[in-house]
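Residues per chain are reported as follows:
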Amino acid sequence: MTCEAPVLEVEDLHLHFSLKKNLFDAIRRTQQRKVKALNGVSLEVKRGETLGIVGESGCGKSTLARCLARLYEADKGTIRYDGQEVAAKDASALREYNRKVQMMFQDPYSSLNPRMTVRQVLTEALRVHNMRPPEQIKGRITELLNLVRLPQDAADKLPYEFSGGQRQRIAIARALSVEPEVLIADELVSALDVSVQAQVVNLLLELQEKLGLTILFVAHDLRLVRHVSHRVAVIYLGSIVEIGESEQLFNAPIHPYSKALLAAAPSLDPDKRHTRPSISGELPSPLNVPTGCAFHARCPHASGRCQRESPGLKALDVPGKVACHHAQALLST
Amino acid sequence: MTLPDTLQITTQKKKKLNPRVKALLRPGFLLGFFILSCSIILAVFPWAFAPYDPNAFDFTAIKQPPGRAHPFGTDNLGRDTLSRVIWAYQVDMQIAFFATFFAMVIGVVAGSLVAYHGGIADVIFGRVADVTITFPFLVLVIAVVAVLGPGLTNMYVAVTLVQWVYYARLTRAEIMTQMTSDYASAGRVMGYSSTRIIFRHLLPNAMTPLITFWMTDMALAILLGSSLGYLGLGAQPPQAEWGVLIAEGRNFITTAWWMSLMPGIAIVLTGLGFSLVGDSIADVLRPRGAA
Amino acid sequence: MMTSQNKSLLQVRDLTTTFYRNGRALRAVDGISFDVHAGEVLGLVGESGSGKSISLRSIIGLARDYGTVEGNVYWKGEDLLTRTDKQLQCVRGSQISMIFQEPMTSLNPLLTVGLQIEENLKAHTDLDRPARKARAIELLDTVGIPGASSRLRDFPHQFSGGMRQRVMIAIALASCPELLLADEPTTALDVTIQDQILQLLLSLAKNLNMAIVLVTHDLGVVAQTCDRVAVMYAGRLVETGSVRDVLKRPRHPYTLGLLKSVPESVPPRTPLYSVPGTPPALDALPKGCAFAPRCHMVEDICLGNRPPLSEIGEQISSACHFPEVAGEEVSA
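**Student:** Account for the pairing of strand β8 (residues 214-218) of chain A, with residues named and values stated.
**Tutor:** Remember that side chains alternate between the two faces of the sheet whenever the strand is regular. Residue and element names in this part refer to chain A. Most of β8 is tucked away: five of the five residues are buried. Here β8 shows no split at all, with T214, L216 and V218 on one side and I215 and F217 on the other all buried. With four bridges connecting them, strand β3 (residues 50-54) and β8 associate as parallel partners. If you follow L51 over to β8, its bridge partner there is L216.

Structure follows, in structure tokens:
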């Protein structure tokens, strides 16, 4: 299923966006305000696996995905691909990295150029990266459409003629056209209806099997992430709070935030109702991340230490890593 | 329980009238298109329609009111006003094009580049735009013409120098809007060059308001050209140009009103033509499916 | 919850909403009927374009602006659809309130939250100014906004998404409504906040004996909050019944498909059950059962005959020619 060599390694990734100062700020001489989107994310993605990334909106999961696709430049930290640092690469090697790591977006209505037919979209991708000699492009487009299960007459249509699910298939075909090794799916199916979601998820699983792809599945839907992922990372305010084998993490989450997140997901079983909210309070603004453990203000187990010291991601007796001072204690209860 | 093999694509069953064709069938567009076509034909073949030589004096027919021989009357030197108005089409349609085209090209390219790359270039552009827009447009153009000297070519240069800023501003705003769409990010993820992303992906989607603006601008350029002609800074007499013609008629407005009125009507009509076409062209160019 | 027929607060009968686009009639809602009893939570589920939001808006007279609404909506025995907008005002916002999906756009960004609550109190109660203020604080407190008295003077943009939704609920509660129409109130929110808001709505329903019609696309939300559920597809109701009956033993293949598409208690990384195709466009509805082209158990009769919503058990109705077969599928 998976072999152990990591294809992508991320180490201590930081990314802060500076907010523009307005006139009042300038007069009051306030400090430049920063959205702390990523605060030291480290993870490894193994070849052929699906790594799920979950968290609430504003937690930095999309920012991480975009950093990996090089849409954002990280402030600090390194990304390594096949053991080689990405930032140190020259222009042609970067292009090669961009080919090997493809990203798919959430909004099916804005991720395709409204003026280009499917054939133009795919031809462009194939030409720019010289994937096929010109005479084979037509055949390759046929193959790609078959691969994502779109009918052949789809090739000469414009995006507006397709439904949301079909557009996401086109986006998948575009990503696959350059024969990538890693696919980053940023909320790929979140905007789709449930019945269509299942179709696209099935397609993704099937393609991964067939083409040996490594997938980063970024989503807020815990059930979906659990279903498609081998391993899962839970993100809270720009840092990973827990990472581990998917089934292990979902069956017995250790970090209090993972627990709360899982408990909050509405179950389909009307007999499993809970009567109290799983967690109080709201996600703090990434403009001022709390000191110490970012979760301490909402955590039922918080102690004085949690307010002062930020817990690192540590391995425990069980597989996986948790960023919590009380992890060992929580594990034994 | 694998994937469905047949997925129907939503297609319209009945052949509906193409919405683009529909936009073209509106009376406003048809009228504008008719006016513009006539203007272009008059501009290209003035000799075929002008009954007299526009510059030929006829001292036997000075300041004749509109009548059978001279439908628009004659001027103080006995030149046929109709012929002069028709020959002026050539000059004024040229002004409409040359006074806007270069500004548009420069503005669109500059606006796209600063929008996409941002940084210091964008800041500098912002300041330049602010300064340019603070001054009244006509004042700035007159100042530049005053430096370069009067004449049509210098007028084109002056207008281009000022007007490109407006195109660049509009382009910049449009490109910025388009850049929030994921297809722009998708292009970057695919490893496309910035030139390709700007000119192949972003710009075609930003073009619709630019073309509308261009159409309106051509109408304004004719007004501007006429104003400068009237002030003696644009086309030079005896060349027939509407502004020049109006200026010539100015002294005789009480005795020979047709000398100024007829070219005035030509200006209004042509301007109307550009505006009407500009209004409808947005609907024609908008990508289908976008409401 | 067992409630007798005559305790119905709201009776919707043959509600049909038609829009006209480019000279063609589109039936967004096609003859739906259901009852809402006092104090119960009814879920209206469907995918995008199924007409669930339009149904809700038709009930309260908001859909009139863009289409024609036919049928009857009896509020305590009185037909709301025959009333003019003016006559509706004494029901709308006082006895029936509504909250929307996007709390940012449904609050006026230029008015303080306190003013917006007081505005509603002024319209629907005869409290004087200090009493209104006190009531506004009490309401914000009820919906769980910390430091309620200090937040009255804040503007909507100073609240987070979840807090804004709480404010919306506070405004809706201002007049002590007997029915709350909630249009995807938690769709724009994160799961932990969704959880909080749903729990809040449930406790309010219980404490104030308020009925709720909850429109959602998420069957999990229905399972966690509703007493009864009505499933919509292509503008029609395809199944109604108690939540437990419908979710545990659906009698319509569409409900079944929706349920099984959700990856819950499915072995990981196995293909999910998926309903083939996409929902039909409103201007291209099939002649018979609207679901027939996507149905795995379609027969000839489905293509020609539209099955009516008919009672097939105690408090459970299905619009399928083979409701029992559809039900057996889930246990298999």
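**Student:** Explain the domain arrangement of chain C to me, using residue names and the numbers behind them.
**Tutor:** Interfaces are often sized by the amount of accessible area the parts lose when they come together. Residue and element names in this part refer to chain C. Taken domain by domain, chain C holds domain 1 (2-95 + 177-331) and domain 2 (108-176). Look at where the C-alpha atoms of domain 1 and domain 2 centre, and you get two points 30 Å apart. Contact residues are listed per partner, giving 17 residues for domain 1 and 13 residues for domain 2. Across the domain 1 to domain 2 interface the summed buried area is about 1100 Å²; carbon plus sulfur atoms make up 70%.

**Student:** Could you give an account of the packing of aromatic side chains, naming the residues involved and the relevant values?
**Tutor:** Tallied over the entire structure, the rule returns 24 aromatic pairs over all chains. With centroids separated by 5.5 Å and ring planes inclined at 90°, the aromatic side chains of A:Y81 and A:Y97 adopt a geometry described as edge-to-face. Of the two residues, A:Y81 is situated in strand β4 (residues 76-81) and A:Y97 in helix α3 (residues 91-100); the sequence distance between them amounts to 16 residues. Considered together, A:Y81 and A:Y97 belong to a single accessibility category, that of buried residues. Chaining the aromatic ring pairs together yields one cluster made of B:F97, B:F98, B:F101, B:F102, B:Y156 and B:W214. Over the face of the ring belonging to B:Y192 we find B:R196, whose NZ or CZ atom lies 5.8 Å from the ring centre. Positioned above the aromatic ring of C:Y273 is the side chain of C:K260, whose terminal nitrogen or guanidinium carbon lies 4.8 Å from the ring centre.

**Student:** So what's going on with the sheet that holds β4(A)? Which residues, and what values?
**Tutor:** Residues and elements named next belong to chain A. Strand order in the open sheet made by the four strands is β2-β1-β4-β5, with antiparallel pairing throughout. The open sheet terminates on both sides in strands that have one partner only, identified here as β2 (34-46) and β5 (84-85). Relative to β2, strand β1 (residues 6-18) runs antiparallel, the two being bridged by 10 bridges. Each bridged residue has a counterpart across the sheet, and for F17 the counterpart in β2 is V35. Those strands touched by helix α2 (residues 61-68) are β1, β2 and β4, and its axis lies near 115° from that of β1.

**Student:** Report on the side chain of B:R79, specifying residues and quantitative values.
**Tutor:** Following the sequence through the fold, B:R79 ends up in the loop between α3 (46-49) and α4 (81-117). With a relative accessible area of 5%, B:R79 lands in the buried category.

**Student:** How would you explain the interface of chain A and chain C if you had to name every residue and give the values?
**Tutor:** Contacts between the two partners involve 45 residues from chain A and, on the opposite side, 47 residues from chain C. Across the chain A/chain C interface, buried area totals approximately 3800 Å², and carbon plus sulfur atoms make up 51% of it. Together, A:H227, A:L268 and A:E282 form the three largest contributors to the area buried by chain A at its contact with chain C, with a combined 19%. Our count for the chain A to chain C interface comes out at five salt bridges. Between A:R223 and C:D218 there is a salt bridge; the shortest N-O distance is 3.8 Å. Connecting chain A to chain C are 29 residue pairs in polar contact (both at pLDDT 80 or more). Only α7 (194-211), α8 (222-228) and α10 (256-264) of chain A provide two or more residues apiece to the side of chain A that touches chain C. Tallying contributions element by element places α7(A) first for the side of chain A that touches chain C, with 10 residues. For the side of chain A that touches chain C, the per-class residue count stands at 16 nonpolar, 16 polar and 13 charged.

Basis of the calculations
Residues numbered from 1 in each chain as written. Chains lettered and ligands numbered in written order. Predicted model: local features only at pLDDT ≥ 70, side-chain atom pairs only at ≥ 80, totals over all residues. Heavy atoms only, no water. Buried < 20%, exposed > 50% of the residue type's maximum accessible area, 1.4 Å probe, protein only. Helix = DSSP H or I, 4+ residues; strand = E, 2+ residues; numbered from the N terminus. Pairing = 2+ DSSP bridges. Domains from an automatic or database assignment. Contact = heavy atoms within 4.5 Å. Buried area = accessible area lost by both parts, 1.4 Å probe. Phe/Tyr/Trp six-rings, centres within 6.5 Å; stacked < 30°, edge-to-face > 60°. Lys NZ or Arg CZ within 6 Å of the ring centre and 35° of its normal. Axes fitted to C-alpha atoms, helices over the stretch in contact; angles between N-to-C directions. Salt bridge = Lys/Arg side-chain N within 4 Å of Asp/Glu carboxyl O. Polar contact = N/O pair within 3.5 Å; in protein donor to acceptor, adjacent residues only side chain to side chain. Nonpolar A, V, L, I, M, F, W, Y, C, P; charged D, E, K, R; others polar.

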